[in-house]
Amino acid sequence: MINRTLLITGGAGFIGSHYVHMVARDHPNWTIRVLDLLTYCGNLANLEGLEGRIEFTKGDIADPDTVNEVMSGCDAVVHFAAESHVDRSLIDSRPFIHTNVIGTQVLLDACRRQDVQRFLHVSTDEVYGDVAGTDSLSLESDPFCPRSPYAASKAAAEHLVQASHVSFGLDTVITRGSNTYGPNQYPEKIIPLFSTNAIDDADLPIYGRGDAVRDYMHVEDHCLGIATVLEHGKAGEAYNLGARLEVNGREVAESILQAMHKPESLMRYVDDRPGHDYRYAVDPSKAESLGWQRQWSFEDGLPATVQWYANHESWWRDIKAGTHYKSHDAAWYESRPSASS
Ligand code: NAD
Ligand code: TYD
C-alpha cells in the first residue's frame, strides 16, 4: 500500500519501538500514529530520532474516547501494548487484565466502528503453555493452556480478537512470538537483566536449576515477522514466530558471562518461579510459508545485544535507579534466597 495510516499501540515499549523505527525507515509515505501510556516500561527515549515523523499520543488503550480519537482515519492497527512480565503478573495481575484484556476489547470495538481494514494482534507463544517433556513444537492449531496470569490475559485477548473476526467479520491476524531480545528491552527480562547485572559484577539470579527452555528470537526478526503477517497473513489466522533455537537459563547466563569475559561465579541459583513453564517452542513454518525467515542466530545476536547494553549504560542506569525498578527488584528477588542456602 502506497499511503497508509497505521496506529501502533505500545510503540514506546521494547518490540513496539523497534517496529515503529522499521516502518518509518521502510515506508516513508506512511503516517504513523503511536498510542502508549508510558507505563514503567514505556520510554520515549526508544523513539529518539523520530520527532516530527510520528504522531505520538500518551494514553490508555482501555479508554474508549482516546482510542476513538487516535484511530480516526487509520487503515490498520498493530497492537503491541501490554503488561508483559510474567513475574509481575504473579505479584499483581490486575493491570494485566486491564490492559491486555479490556484494552484489547476497547481497540476491537473501535476498529468495528471506524471500519479499520486490518487489526494485527501481537500475541505470544506462552498461550500454548508448558510443552516440556516432549520435543514437539507448538502448532497454531494446538489448544491454549496458559499457566501464568500474564499468559492467561494474552490468551483471553486472543479469544476476543478471534471472536471479533467470527462475529463481526473484522479482518484480524495474530502473531504468536517467542521470547524476544535485543537493544532497548526493559531490564526485567532475563537477557537485559543478566547483561546489565554482569556489567556491574552483580549476581545473575537463575530460577531453579536453570533448566527452563525458551526459543530466543532477535527483535529485528520479530518485527520483520509482524510486517510479513500484516501484509500477507490471511484474515482470521494466527502465525507462530520463533527462531527454532532452544536455550535454557543456565546457557543464557553462561553465554552472557562469556561474551563479557566475566566469571561463572556470578551465576546464583535462586528459588524457582512458581508455576514455571519449562519449555516453550513453536513451529514457525506457517509464517515462513509467507516468505519470512529469521536472520539472527543466538551466537551472533546475544553478544551484539550484550555489547549494546555495555555501550548504552545511560539508557538502563536511569531505569535501574528508578522506583518502579527498585520496588519490583526488592519485592521479587529479596524473597528468593539462593537455592543452596
Ligand atoms: P514492553 O513491556 O516493553 O512494552 C509495552 C508497552 O505498552 C509500553 O510502552 C507501555 O507503556 C505500553 N502500555 C502498557 N499498558 C498500556 C495501556 N494501558 N495503554 C497504552 N499503552 C500501554 O513489551 P514488549 O516486550 O515490547 O512486548 C510487546 C508485545 O509483544 C506485548 O503484547 C507482548 O505480550 C508481546 N510479546 C513479547 C515478547 C517478549 O519476549 N518481550 C514475546 C512475545 C510476545
Ligand atoms: P523472562 O525473560 O521473564 O521471560 P518469560 O518468563 O516470559 O519466558 O524469563 C525467561 C526465562 O528465564 C524463564 O525460564 C525464567 C528465567 N529467568 C531466570 O532464571 N531469572 C530471572 O531473573 C528471570 C527474569 C528469568
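Everything discussed here concerns the structure shown above.
Reference entry: report on the structure contained in this document. (Residues numbered from 1 in each chain as written. Chains lettered and ligands numbered in written order. Predicted model: local features only at pLDDT ≥ 70, side-chain atom pairs only at ≥ 80, totals over all residues. Heavy atoms only, no water.)

## Points about the site of ligand 1
1) Next: Taken together, 30 residues lie around ligand 1, and Ile 15, Asp 36, Ser 84, Tyr 150 and Lys 154 are the ones closest in.
2) Next: Between ligand 1 and Ile 15, the relevant distance is 2.8 Å, taken from an oxygen atom to a main-chain nitrogen or oxygen of the residue.
3) Next: Contact between ligand 1 and Tyr 150: an oxygen atom at 2.7 Å from a side-chain N or O atom of the residue.
4) Next: Computed on the free molecule, ligand 1 has an accessible area of 850 Å², of which 97% lies beneath the protein chains in the complex.
5) Next: Broken down by secondary-structure element, the contributors of at least two residues to the shell around ligand 1 are α1 (14-26), β5 (118-124) and α5 (149-168).
6) Next: For the shell around ligand 1, the element with the highest residue contribution is β5, accounting for 3 residues.
7) Next: The class makeup of the residues in the shell around ligand 1 is 12 nonpolar, 15 polar and 3 charged. (Near = heavy atom within 4 Å. Polar contact = N/O pair within 3.5 Å; in protein donor to acceptor, adjacent residues only side chain to side chain. Areas by Shrake-Rupley, 256 points an atom, 1.4 Å probe, with all protein chains shown as cover. Helix = DSSP H or I, 4+ residues; strand = E, 2+ residues; numbered from the N terminus. Nonpolar A, V, L, I, M, F, W, Y, C, P; charged D, E, K, R; others polar.)

## Points about α5
1) Next: Its 20 residues place the ends of α5 28 Å apart at the C-alpha level, agreeing with the 28 Å of an ideal helix rising 1.5 Å per residue.
2) Next: Among the residues of α5, those classed as buried are Tyr 150, Ala 151, Ser 153, Lys 154, Ala 155, Ala 157, Glu 158, Val 161 and Ser 164.
3) Next: The first or second residue beyond α5 is Gly 169, which carries a positive phi of 75°. (Expected span 1.5 Å × (residues − 1). Buried < 20%, exposed > 50% of the residue type's maximum accessible area, 1.4 Å probe, protein only.)

## Here's the deal with the state of the cysteines
1) Next: Tallied over the entire structure, the rule returns 0 disulfides.
2) Next: You can see Cys 74 has no disulfide; the closest cysteine sulfur is in Cys 111, sitting 8.8 Å from it. (Disulfide = S-S within 2.5 Å.)

## Brief notes about the packing of helix α10 (residues 298-311) against helix α11 (residues 313-320)
1) Next: Contact geometry for α10 and α11: axes closest at 5 Å, N-to-C directions at 75°. Put simply, α10 runs roughly perpendicular to α11. Mapping the contact onto sequence places Trp 308, Tyr 309, Ala 310 and Asn 311 in α10 and Glu 313, Trp 315 and Trp 316 in α11.
2) Next: A class-by-class count of the residues in the contact of α10 with α11 yields 5 nonpolar, 1 polar and 1 charged. (Axes fitted to C-alpha atoms, helices over the stretch in contact; angles between N-to-C directions. Parallel < 35°, antiparallel > 145°, perpendicular 65-115°, else oblique. Contact = heavy atoms within 4.5 Å.)

## Re the side chain of Thr 99
1) Next: With respect to the secondary-structure elements, Thr 99 resides in helix α4 (residues 94-114).
2) Next: Given a relative accessible area of 12%, Thr 99 falls into the buried group.
3) Next: Among all residues touching Thr 99, those that are not within four sequence positions of it are Ile 61, Ala 81, Ala 82, Glu 83 and Thr 104.

## Re the site of ligand 2
1) Next: What surrounds ligand 2 is a group of 20 residues, the closest being Glu 126, Arg 214, Arg 273, His 276 and Tyr 333.
2) Next: Here an oxygen atom of ligand 2 sits 2.6 Å away from a polar atom, N or O, in the side chain of Arg 273.
3) Next: In the complex, the protein chains occlude 96% of the 510 Å² of accessible area that ligand 2 would expose alone.
4) Next: Every element with two or more residues in the shell around ligand 2 is listed here: α3 (86-91), α6 (190-199) and β8 (204-207).
5) Next: Looking at side-chain class alone, the shell around ligand 2 contains 11 nonpolar, 3 polar and 6 charged residues.

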